[in-house]
Amino acid sequence: MHCKAHSSIFLLVTLFIFSCKPTQPVMVQSPEVDTVGTTPPDAEITPATVLKDESGPYRAENTKYHDLIHTRLEVKFNWERQHLLGTALLELRPYYYPQDQLILDAKGFDIHSIRMVEGDNKTPLSYQYDSKKITIALDRSYHRDETFFVQIEYTAKPNQLEAGGSDAITSDQGLYFINPTGEDPSKPQQIWTQGETEASSCWFPTIDSPNQNTTQEMYITVQDRFLTLSNGQLVYSQGNNDGTRTDYWKMDQPHAPYLFMMAIGEFAVVKDQWGDMEVSYYVEPQYQPYASEIFGRTPEMLTYFSDILNYPYPWSKYAQVVVRDFVSGAMENTTASVFMEDLQVDTRYLIDQDWDGIIAHELFHQWFGNLVTCESWSNLTMNEAFATYSEYLWAEHLLGKDEAHYVGYQQLQSYLQEAQEKQVDLIRFYYQDKEDMFDNHSYAKGGLILHMLRAYIGDEAFFETLHQYLKANAGKPVEVHHLRLAAEKVTGEDFNWFFNQWFLDSGHPSLMITTDYANDTLKIGIVQLQDPETTPIYRLPIDLDIWQSQQKISKTVTLNSQFQEFKFHMDFEPDVVIVDPESKLLAEINYSRTQEQLISQYRVSSQALTRLKALETMLEDSVNTSVVEVFTEALDDSFWAVRQMAINAFEGFPDPQPELLVNKLRQIAKSDRKSLVRADAITVLSSFENDVVYLPLYLEALEDSSYSVAGAGLTAYLQIEHPDWMEIAQRFEKESDIQLVIPLADFYALNHIPDKYTWYINQLESGAGEMMFYMINYFGQYLTESEVQEQISGARVFEELGLNHDKYYIRYSAFQALGLLEEVEEINQMRKRVKEAEKDPRLVEVYAQYP
């Protein structure tokens, strides 16, 4: 599962002992280390504030009364009512103790019959049903060496279920009908499913628990114009006399019920190959020309992941399908991953950014999550940590270590931001709702911990550990100790210390670093500031790079108490000491350095992320001539994110701008190899006073093949009053990419360009997700200067969205837009109706602040 909740939209709405590196230092002697485990005599340790959340009951692994062996489903659909008409045949056996009853998960069904099936005989069984679980009285007591078959005929009505969901997975109704009557011309008709966490039981009866594994057969009957996709192989398609077709899909390898899937729609299918195995991409027909550009590195990923794990891709096929209105970012259903519609892009979009991260994430789940599955949601990170770390691994393979380090750094920032609000155990046995587990602890923190384990034991041992873990546990549910045991088997070392502090406890190290040089001795003091009552005092291997006169000596020290001081004999005072130079640690590091030391760190480090961190820290202090010089120097850095940071540091730089700076920014805007960097250079130039001199550059940018560059040029051009304003704006009115639509929406709203009501309406009708979120806001601003009747007409659109849109953040945006127009009483009443109708507790709480 890749959670869209971690995207920009959600942020807007919720407003080890590492190997020493041998060196041949000149003018410095190899330091000797003196470790002191006492509090520094001149400093008082003040623990950092920790917000530890242990709310909720204890969440054990579900007890297994039965093994679910096989699931056979026959399904067809009533599109108008949004019902699934199903027959399920389940094969089961008692897990250990004799059983005379069977309890199945089945949410909101109409149950038509339940029978015991023995050959051709079908015997009705008595049952009780509370709309969530079916308790079935079996015809006798069965033992663990006996299998039995139960058939259930039912109707699933997912739209009638009580609304649920979370920030990560915005709905839990399991089965979704998109544009079911075909009345919306802007959307295709589709049906798709989303099973995680326990929503498969919204469309078929099952034991909806991650510690169950079952093979499956699925007979899906649809109108002949639709294609279907499910787990496993399509065995045959059979036409029916009523104009429908039944597709028979078979999955011979067992997997968890939450990984069952269906996708139904008028898809275009682009087929690829990995060896003898089919790899396919399902998209809407207009995106067929781009499918191979979007997903085309999948075969290379299959090879890379299979090789590093020494475990070939374990399933019979791999398909990827893009659907409309998906309730999360993506989902790793076995052999067939589902993705949100944001992945449907064109060649121009892919110049700026690709979707490799999310594609790698779902693919790696096919090993970690599908082949080996967490035994309970408390152990969710055993799925998601690996999938998140795959994004690092793929970036490292494709683009190199600098890009991988940057991916890891972004994940660290995501975790640290969340840690300001909560700090919980990674393996979490106490929580209010299972959906709470889908957070930046389970994902980002988990991936960062795997990277620390890799750094500690080395690449060969790390990947052999993963191989042994998969080999030993294939087809089984796991908990965190299975991974620990695999690491111990490979390395021979006891790893309780590592797993206890990282997986089984909360928080993270908060380190304060000090350095002092006197009498040929360098002293490095390290204090762990986190509160030891709620957070461990960590055992941390820490790398140090000590630089003097362009020469480096590298050492590794091990921190294992609240304060330690390390002493190094040196003939000369170092220029800078770089702590954790390869960014291996999951930690907050408070390390005060002079500007000269930070400049030295930038200039000597071969690690792009270490250079970037030096620039970040320099920006926190006052800027002098030396800092301007180093940021100007950084405009030529080899790594794009460093260049980007250097560029953005000059936004709004006062007149007169140095000629060297202006010339470099112009050159970057025209020719930098990274389109996002070119776009930022244009944006920064447009922030300078008298930027009218850059109009030719802006016009040239409008022709760029990159959406981001063209969008930056359009934004810059439209902020300068010019006779060609409208001519330029109208050239882009038919564009649909957000980078080009938003500049127009802002321009029309800010200047209240007349007769643009219809343009805004068209954008709202065709937009989705992030685009719609922004467009509602801009349209609301535009309407503030409109005639009252136009305001009321637009407000009706907002009311409809606020009442009925399935995405809570769209409803929220519509509510806010109505607030911009609340001086009109009729519109004020619309806003009150939206407020009163809202059921989502997140929005109910927000709306309570408004009259």
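Residues numbered from 1 in each chain as written. Predicted model: local features only at pLDDT ≥ 70, side-chain atom pairs only at ≥ 80, totals over all residues. Heavy atoms only, no water.

Considering the overall build of the protein chain
Moving on, step 1. Helix and strand content of the protein chain: 27 helices and 29 strands.
Moving on, step 2. Radius of gyration (C-alpha) of the protein chain: 30 Å, near the 29 Å computed for a compact globule of 851 residues.
Moving on, step 3. Its C-alpha atoms put the protein chain at 90 × 75 × 55 Å along the principal axes.
Moving on, step 4. Residues counted as buried form 58% of the 851 residues belonging to the protein chain.
Moving on, step 5. For the protein chain, the accessible surface area stands at approximately 35,200 Å², while carbon and sulfur atoms represent 46% of it. (Helix = DSSP H or I, 4+ residues; strand = E, 2+ residues; numbered from the N terminus. Rg over C-alpha atoms; globule rule 2.2 N^0.38 Å. Buried < 20%, exposed > 50% of the residue type's maximum accessible area, 1.4 Å probe, protein only. Areas by Shrake-Rupley, 256 points an atom, 1.4 Å probe, with all protein chains shown as cover.)

Observations regarding the pattern of salt bridges
Pairing is possible between side chains of opposite charge, provided their charged atoms come close.
Moving on, step 1. Counted according to the given criterion, the structure contains 36 salt bridges.
Moving on, step 2. We note a salt bridge from Asp356 to Arg297, for which the minimum N-O separation is 2.6 Å. Residue Asp356 is located in helix 5 (residues 356-365), and its partner Arg297 is located in the loop between helix 2 (291-295) and helix 3 (298-309); the two are separated by 59 residues in the primary sequence.
Moving on, step 3. For Arg297, a relative accessible area of 31% translates into the label partly exposed.
Moving on, step 4. The partner of Glu396 in a salt bridge is Arg454, with the nearest N and O atoms 3.0 Å apart. Of the two residues, Glu396 sits in helix 6 (residues 381-399) while Arg454 sits in helix 8 (residues 441-457), which places them 58 residues apart along the sequence. (Salt bridge = Lys/Arg side-chain N within 4 Å of Asp/Glu carboxyl O.)

Examining the packing of helix 12 (residues 595-604) against helix 14 (residues 625-634)
Moving on, step 1. Here helix 12 crosses helix 14 at 15°, and the two axes come no closer than 11 Å. Between helix 12 and helix 14, the interaxial angle falls into the category roughly parallel. Helix 12 and helix 14 meet at a crossing whose hand is left-handed. Listed contacts from helix 14 to Gln595, Ile599, Tyr602 and Arg603 of helix 12 are Ser626, Val627, Val630, Glu633 and Ala634.
Moving on, step 2. When the residues that make up the contact of helix 12 with helix 14 are grouped by side-chain class, the tally is five nonpolar, two polar and two charged. (Axes fitted to C-alpha atoms, helices over the stretch in contact; angles between N-to-C directions. Parallel < 35°, antiparallel > 145°, perpendicular 65-115°, else oblique. Left-handed = near helix turned anticlockwise from the far one by under 90°. Contact = heavy atoms within 4.5 Å. Nonpolar A, V, L, I, M, F, W, Y, C, P; charged D, E, K, R; others polar.)

Concerning the sheet that holds strand 23 (residues 510-518)
Moving on, step 1. Strand order in the open sheet formed by four strands is 27-24-23-29, with mixed pairing between adjacent strands. The sheet terminates laterally at strand 27 (563-569) and strand 29 (588-591), the two strands that pair on one side only. Averaged over all pairs of adjacent strands, the angle between their axes in this sheet comes to 20°, without regard to strand direction.
Moving on, step 2. Relative to strand 29, strand 23 runs parallel, the two sharing four bridges. Along strand 29, the bridge assignment pairs Leu511 with Ile589. (Pairing = 2+ DSSP bridges.)

Quick look at helix 16 (residues 659-671)
Moving on, step 1. Here helix 16 is 13 residues long and its end C-alpha atoms lie 18 Å apart, about the 18 Å a rise of 1.5 Å per residue gives.
Moving on, step 2. Those residues of helix 16 that fall on the buried side of the exposure criterion are Leu661, Val662, Lys664, Leu665, Ile668 and Ala669. Looking down the long axis of helix 16, one finds its buried residues gathered within 165° of arc, a one-sided arrangement. Those residues of helix 16 that are exposed and aimed more than 90 degrees away from the buried face are Glu659, Leu660 and Gln667.
Moving on, step 3. Structurally, helix 16 contributes buried residues whose contacts are with helix 14, helix 15 (640-649), helix 17 (675-686) and helix 18 (695-701). (Expected span 1.5 Å × (residues − 1). Arc of directions from axis to C-beta.)

Brief notes about the nonpolar core
Moving on, step 1. Membership of the largest hydrophobic core comes to 269 residues, with the highest contact counts inside it found for Phe77, Tyr154 and Trp367.
Moving on, step 2. The contact partners of Trp367, leaving out residues within four places of it in the chain, are Leu302, Phe305, Ser306, Leu309, Tyr311, Pro312, Tyr313, Pro314, Val372 and Leu470. (Core = buried A, V, L, I, M, F, W, Y, C linked by side-chain atoms within 4.5 Å.)

Observations concerning the pairing of strand 17 (residues 277-283)
Moving on, step 1. Across the seven residues that make up strand 17, a large majority, six, are buried.
Moving on, step 2. Examined bridge by bridge, strand 16 (residues 268-274) and strand 17 share seven bridges and lie antiparallel to one another. Within the sheet, the bridge partner assigned to Ala268 lies in strand 17 and is Val283.
Moving on, step 3. Linking strand 16 back to strand 17 in an antiparallel pair, the connection comprises two residues, with Gly275 at a positive phi of about 60°.
Moving on, step 4. Pairing of strand 17 with strand 18 (residues 318-322) involves four bridges; the strand directions are parallel. Opposite Tyr282, over in strand 18, you have Val321 as the bridge partner.

Focus on the sheet that holds strand 9 (residues 175-178)
Moving on, step 1. If you trace the four strands from one edge of the open sheet to the other, you get 9-10-15-12, paired in antiparallel fashion. Lying at the two open borders of the sheet, with one neighbouring strand each, are strand 9 and strand 12 (227-230). Taking the axes of each pair of neighbouring strands and ignoring which way they run, one obtains an average angle of 10° across the sheet.
Moving on, step 2. Relative to strand 15 (residues 262-265), strand 12 runs antiparallel, the two sharing four bridges. Along strand 15, the bridge assignment pairs Thr228 with Ile264.

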